[in-house]
Amino acid sequence: MLFDVYAIWQHLQLQSVRRQLQEQQALRHAEEKYRAIFEDAVVEFFRPLRKVVGSVSTRALAQMHGYDSPEQLLAEVSNMTHQLFVDPGRMDELTRALNENGVVRSAEVKSIAETARKSGSW
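Keep in mind the model is a prediction, meaning the values are calculated, not measured.

(A) Spatial organisation of the nonpolar core. If you look at the biggest cluster of nonpolar residues, it comprises 10 residues: Leu-61, Ala-62, Tyr-67, Leu-73, Val-77, Met-80, Leu-84, Phe-85, Met-91 and Leu-94. Of all the secondary-structure elements, those providing two or more residues to this core are helix 2 (59-64), helix 4 (80-84) and helix 5 (88-101).

(B) Molecular detail of the pattern of salt bridges. This structure, assessed with the given rule, holds 1 salt bridge. A salt bridge links Arg-90 to Glu-93; the shortest N-O distance between them is 2.9 Å. Residue Arg-90 and its partner Glu-93 are both found in helix 5; the two are separated by 3 residues, about one turn of the helix. Overall, the relative accessible area of 25% leaves Arg-90 in the partly exposed class.

(C) Representation of helix 5. Taking 1.5 Å of rise per residue, 14 residues should cover 20 Å, and helix 5 covers 20 Å from first to last C-alpha, within 8% of that figure. All of the buried residues along helix 5 are Met-91, Leu-94 and Leu-98. Seen along its axis, helix 5 keeps its buried residues to an arc of 60°; they face one direction. Directly after helix 5, the chain includes Gly-102, whose backbone phi takes a positive value near 85°.

(D) Spotlight on the confidence of the model for the protein. The share of residues in the protein with pLDDT of 70 or more is 73%, and the mean pLDDT across the chain is 76. When pLDDT is averaged over each helix and strand of the protein, the minimum, 58, is found for strand 1 (residues 46-48) and the maximum, 88, for helix 1 (residues 2-39).

Cut-offs and rules
- Residues numbered from 1 in each chain as written.
- Predicted model: local features only at pLDDT ≥ 70, side-chain atom pairs only at ≥ 80, totals over all residues.
- Heavy atoms only, no water.
- Core = buried A, V, L, I, M, F, W, Y, C linked by side-chain atoms within 4.5 Å.
- Buried < 20%, exposed > 50% of the residue type's maximum accessible area, 1.4 Å probe, protein only.
- Helix = DSSP H or I, 4+ residues; strand = E, 2+ residues; numbered from the N terminus.
- Salt bridge = Lys/Arg side-chain N within 4 Å of Asp/Glu carboxyl O.
- Expected span 1.5 Å × (residues − 1).
- Arc of directions from axis to C-beta.
- pLDDT = per-residue confidence, 0-100.

Spelled out as structure tokens, the structure:
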């Protein structure tokens, strides 16, 4: 009888571990999909990280502003709000909404890339 209880307990533990591994694999897959969609986007957008110093930039955003990569843009632009966007006040408004609501969806902001690039050319 004791052996049967131990075997059942082991079986349940194994099922739990398998379920956790499947959930972790599904999460990794979803993250990879999201990352690919975000990083390979052909439209310009950037995502400020709420309550964290920094932001995330797409390759398209960097290239439209004359940078070779998102990493270069993030390294060389100290204040995206004031250096990359025509109306910093609009970005401040969106940041407040993000901090208050936790999310901002479908907001449009005019980028300086429409008028000037990193080199200052028009």
